[in-house]
Amino acid sequence: MHCPDCGHEHTHVIDTEPHESDLSVRRRRECQRCSFRFTTYERPMWDALQVKKRDGSIEPFSREKLRGGIERAVEKRPVDESAVSEIVDATEAELQERNTQIVASELIGDLVSERLRAVDGVAYIRFVSVYKAFSEPEEFRRELDAVLDAELDDHGGPETNTS
Ligand SMILES: [Zn+2]
């Protein structure tokens, strides 16, 4: 690390302070020639977006995995391949816009379910029941009621499936 004042190439670290939450490290440095003091911040950079899972572990973001989760939710539902691709693309784009290296898996779940809900109510329920890991039937019913209410609002009556 060159001295920002005189350009000397040897500076030494006089204090190191790891940041508690964001993995960055703050270092106080001093130039060995002119004694100029300055601070540097170091933070790890990943090559790709990382996902922090509920158990705290971190793994690289995977489009395939995201697509797989959505495909399981839309199985045997009238949702075509291109709609699934659209959700994957839109979700990935939105994550990248956030300009962060680590996103919580819950956030991805929220982004996907929001879109899935607009496409197919049943697929939405399946999806959230997996990613929110419902443990109580009551939680499941609450989501289901919300979807059914929305459909009544949209169509003015209960939907009948004739296929
Ligand atoms: Zn210097």
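Reading the values: the criteria
Residues numbered from 1 in each chain as written. Predicted model: local features only at pLDDT ≥ 70, side-chain atom pairs only at ≥ 80, totals over all residues. Heavy atoms only, no water. Phe/Tyr/Trp six-rings, centres within 6.5 Å; stacked < 30°, edge-to-face > 60°. Patch = residues over 30% accessible without salt bridge, like charges linked within 9 Å, V, L, I, M, F, W, Y side chains within 5 Å. Areas by Shrake-Rupley, 256 points an atom, 1.4 Å probe, with all protein chains shown as cover. Salt bridge = Lys/Arg side-chain N within 4 Å of Asp/Glu carboxyl O. Helix = DSSP H or I, 4+ residues; strand = E, 2+ residues; numbered from the N terminus. Axes fitted to C-alpha atoms, helices over the stretch in contact; angles between N-to-C directions. Left-handed = near helix turned anticlockwise from the far one by under 90°. Contact = heavy atoms within 4.5 Å. Nonpolar A, V, L, I, M, F, W, Y, C, P; charged D, E, K, R; others polar. Pairing = 2+ DSSP bridges. Donors = N, O, S within 2.8 Å, 3.2 Å for Na, K, Ca; no water. Tetrahedral: all angles 85-135°; square planar, octahedral: opposite > 155°, others 65-115°. Buried < 20%, exposed > 50% of the residue type's maximum accessible area, 1.4 Å probe, protein only.

(A) Structural context of the packing of aromatic side chains. One pass over the full model with this rule turns up one aromatic pair. Ring geometry for Phe36 against Phe38: centres 6.2 Å apart, planes inclined by 25°, an arrangement best described as stacked.

(B) Representation of a nonpolar patch on the surface within the structure. The grouping of Phe140, Leu144 and Leu148 at the surface amounts to a nonpolar patch, some 230 Å² of accessible area in total. Looking at the secondary structure, you find Leu148 in helix H5 (residues 137-155).

(C) How the structure looks around the packing of helix H2 (residues 81-97) against helix H3 (residues 105-119). Packing of H2 against H3 leaves a shortest axis separation of 10 Å and a crossing angle of 145°. As for the relative orientation of H2 and H3, their crossing is right-handed in sense. Across from Ile87, Ala90, Thr91, Glu94 and Leu95 in H2, the residues of H3 making contact are Leu107, Ile108, Leu111, Val112, Arg115, Leu116 and Val119. Tallied by class, the residues present in the contact of H2 with H3 amount to nine nonpolar, one polar and two charged.

(D) Structural context of the sheet that holds strand S4 (residues 50-52). Read across the sheet, three strands follow the order S5-S4-S6 without closing on themselves; strand pairing throughout is mixed. Where the open sheet ends on each side, the last strands, each with one partner, are strand S5 (58-60) and strand S6 (102-104). Across the sheet, the axes of successive neighbouring strands diverge by a mean angle of 35°, strand direction being ignored. The strands touched by H3 within the sheet are S4 and S6, with S6 carrying the most contacts at an inclination of about 65°.

(E) Focus on the coordination of the zinc ion. At the metal site, the zinc ion is ligated by Cys3 (SG), Cys6 (SG), Cys31 (SG) and Cys34 (SG), and these contacts range over 2.2 to 2.4 Å. Around the zinc ion, the four donor atoms sit at angles spanning 107 to 115°, and that spread fits a shape best called tetrahedral. All donor residues of the zinc ion come from one chain, and their arrangement in sequence is C-x2-C-x24-C-x2-C. One end of the pair, Cys6, is in the segment before strand S1 (11-18); the other, Cys31, is in strand S2 (residues 25-31), with 25 residues separating them in the sequence. For Cys6, a relative accessible area of 29% translates into the label partly exposed. On the basis of relative accessibility, which here comes to 1%, the residue Cys31 falls in the buried class.

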